[in-house]
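Observations on chain architecture
What follows is the residue order along each chain.
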Amino acid sequence: MMEPPENVAVGFESAEKIILRWDLTASEEARERMIFDGDRHEIDRYLQAVDEIQRSMESATIADDQNKSNSAIQIAMARLEDEFRNILIAHTSPIETDSLVDPSSSTHSTSRTDSTGDGELQDEDFSEDDAMSKEAKLQRGESSTSAASYRSANSIRELDLIPCEVIYDLRSIAERMISAGYFRECVQVYGSVRKSAVDASFRRLKVEKLSIGDIQRLEREALETKIRRWIRAAKVCVRILFASEKRLSEQIFEGLGTATDDACFMETVKGPAIQLFSFAEAISISRRSPEKLFKILDLHDALSDLLPEIDVIFQSKSSESIRVQAAEILSRLAEAARGILSEFENAVLREPSQIPVPGGTIHPLTRYVMNYISLISDYKQTLIELIVSKPSTGSRYSGDPTTPDMEFAELEERTPLALHLIWIIVILQFNLEGKSKHYKDASLAHLFIMNNVHYIVQKSKGSPELREMISDDYLRKLTGKYRQAATSYQRSTWVSVLYCLRDEGLHVSGSFSSGVSKSALRERFKTFNAMFEEVHRTQATWLIPDTQLREELRISISEKLIPAYRSFLGRFRSHIESGRHPETYIKYSVEDLETAVLDFFEGYPVSQHLRRRSQ
């Protein structure tokens, strides 16, 4: 029940005179002056007059009295509606920049660099550095502007949008309008004014209205920038703007009727809330691509973090649609992430390029895939929750020559996400094996596999999260694969070269012979020289990018080549040097070969002739 502002009795006739004096249609003075801009006594007299008119309406039994009361109350309600609007407008201004800071200061469980940003409003466009920064500036969220105080509960921060004494006047007006049956008018005025304030804050936060078509047309970098900006803005909108608007509606309307405060709150924020979440919704159903996965996961993480606050702020029955919308978008983002991962696996398997990379170096696909799954491992906590089924392999593909098999029995303890990452590595290797067949030189094909599998191992070891999921046991198997490829390379290249340094076929029998066929020996040296020169010329242009792996393979080559050549030279040098033009056959010293091996796998051509020490 309403209580009069002052305990002053006002009769119906006096009340009617007061109401008519402020009739907006009666005088210029009434239109130009606002009651609530005057002194307190005048305000209280007007409110008391309204109360008296309302009491008269309730007790009136004669039609004339009822008509007079109805006329007076209509005039009074038009006046109060105008006063209500004027007070709201006078005390509605955009929230100051320093207040538009996400108060949560919560960071993602991993150390990603360009995910959620800091939530701080910038007067100009967010710079790339600002967008790529993490959440260091959130500490500023602990201080408010001089004009606004706040109370915080968890990560929600409620600002005092309107001073307490003004709220008292607004509540006094709302109470009388609602009591007189002008609930809808009161809600509409309140919602229109407060929504304009929310819209102003949206503009400062650069929350845009974008259709799915607009999003489809955005270049990748522009889209990623908008997603980063949306994440920051969403945190501010939910935790500060919407929470503060809810508090204000409660301060003014709570207890004045069934769910009146909630109706006014929804009148204010329903449109902006739908606009805010429609961006994430459009992303969730837009065209999928591997590059979008991480931004979709950022959106998913941000919305998941906000969902508890959304449930608190929009907990009423009338705001259920907002809660449902947010939950459905979260579900669609999760489904989009799972779909992109599955499509990525298929893209890796079917990647069609057939032109061999020069020098057998690391294929661009290998770099792309391993960088991609390293980023996936950064989102481990999120994806472990989203990826709950194993990859589609095994019996489904059994016997299919275009798809590798994968045995899960020995990987039973791995999470579905870990199995997906291992499966991606399996299909990457399968694709690389196919690409290696396009090399005409078998040695180069083996070197290509060695380089690429070694890169897979090193990249996996370089990411603690990826290494943990893949496991050291599986990495040991991969290590065995690239070492086997290195062995296969050496056999393919060096068996025929070293075959020249055997004794078989050089010895002859006869009483007048030294036991060595000089012509065969000379031919053997010529063959060795020609083969080594060709290997040197060719394989100097091949490339092993990893310095340690390159050095290890050179050492392994030298350990086989140099002792064999030194021994052969020691056994047969004298037979060549006793003849004519020995330098034609013994072209290289042991040191010359040691130096030549250092040219291997550098990735650029060398002189047609080997460097020879002075003799």
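Everything below is about the structure shown above.
This write-up is about the structure you can find in this document. (Residues numbered from 1 in each chain as written. Predicted model: local features only at pLDDT ≥ 70, side-chain atom pairs only at ≥ 80, totals over all residues. Heavy atoms only, no water.)

1. With respect to helix α11 (residues 293-313)
For α11, spanning 21 residues, the distance from its first C-alpha to its last is 29 Å, which sits close to the expected 30 Å at 1.5 Å a residue. Taking the largest bend as the criterion, α11 deviates by roughly 40°, centred on Leu-307, and proline Pro-308 comes between one and four positions later. Burial runs high along α11: 16 of the 21 residues are buried. (Helix = DSSP H or I, 4+ residues; strand = E, 2+ residues; numbered from the N terminus. Expected span 1.5 Å × (residues − 1). Bend = angle between axes of the 7 residues up to and from the residue. Buried < 20%, exposed > 50% of the residue type's maximum accessible area, 1.4 Å probe, protein only.)

2. Brief notes about the side chain of Gln-429
Along the polypeptide, Gln-429 turns up in helix α15 (residues 416-436). For Gln-429, a relative accessible area of 9% translates into the label buried. Side chain to side chain, Gln-429 and Lys-481 meet in a polar contact 3.4 Å long. Here Gln-429 is in contact with Val-453, Ile-456, Tyr-474, Leu-478 and Lys-481, once residues within four sequence places are set aside. (Polar contact = N/O pair within 3.5 Å; in protein donor to acceptor, adjacent residues only side chain to side chain. Contact = heavy atoms within 4.5 Å.)

3. Brief notes about the packing of helix α10 (residues 260-285) against α11
With their axes 11 Å apart at the nearest point, α10 and α11 run at an angle of 160° to one another. It follows that α10 is roughly antiparallel to α11 by the angle criterion. At the point where α10 passes α11, the crossing takes the left-handed sense. On α11, the residues touching Phe-265, Phe-277 and Ile-283 of α10 are Ile-296, Leu-299, Leu-303, Ile-310 and Ile-313. (Axes fitted to C-alpha atoms, helices over the stretch in contact; angles between N-to-C directions. Parallel < 35°, antiparallel > 145°, perpendicular 65-115°, else oblique. Left-handed = near helix turned anticlockwise from the far one by under 90°.)

4. Topic: the packing of aromatic side chains
Overall, the coordinates contain 21 aromatic pairs when judged by the stated rule. Each ring, one from Trp-494 and one from Phe-532, has its centre 6.1 Å from the other, and the planes form 45°; the classification is tilted. With Trp-494 in helix α18 (residues 472-499) and Phe-532 in helix α19 (residues 518-539), this residue pair connects regions lying 38 residues apart in the sequence. Per residue, the accessibility class of Trp-494 equals that of Phe-532, and both read buried. Seen in terms of ring centroids, Phe-600 and Phe-601 are 5.7 Å apart; in terms of plane orientation they differ by 85°. Their pairing is edge-to-face. Under the relative-accessibility criterion, Phe-600 is labelled buried at 0%. (Phe/Tyr/Trp six-rings, centres within 6.5 Å; stacked < 30°, edge-to-face > 60°.)

5. Overview of the pattern of salt bridges
Per the counting criterion, the structure on display carries 36 salt bridges. Across the salt bridge formed by Arg-21 and Glu-42, the nearest N and O atoms sit 3.3 Å from each other. Taken together, the residues span a long stretch of sequence, with Arg-21 in helix α1 (residues 12-21) and Glu-42 in helix α3 (residues 40-59) at a distance of 21 residues. Judged by relative accessible area, Arg-21 falls into the partly exposed class, the value being 45%. One salt bridge connects Arg-476 with Asp-473, and the closest N-O pair in it is separated by 2.1 Å. Of this pair, Arg-476 and Asp-473 both sit in helix α18, 3 residues apart, which is roughly one turn of that helix. (Salt bridge = Lys/Arg side-chain N within 4 Å of Asp/Glu carboxyl O.)

6. Re the nonpolar core
By size, the foremost hydrophobic cluster in this structure holds 136 residues, and its most contacted members are Phe-242, Phe-277, Phe-314, Ile-373 and Ile-376. Not counting residues up to four positions away in its chain, the partners in contact with Ile-373 are Phe-344, Leu-421, Ile-424, Ile-425 and Leu-466. One finds Trp-22, Met-77, Ile-173 and Cys-264 within the second-largest nonpolar core, a separate group that totals 41 residues. (Core = buried A, V, L, I, M, F, W, Y, C linked by side-chain atoms within 4.5 Å.)

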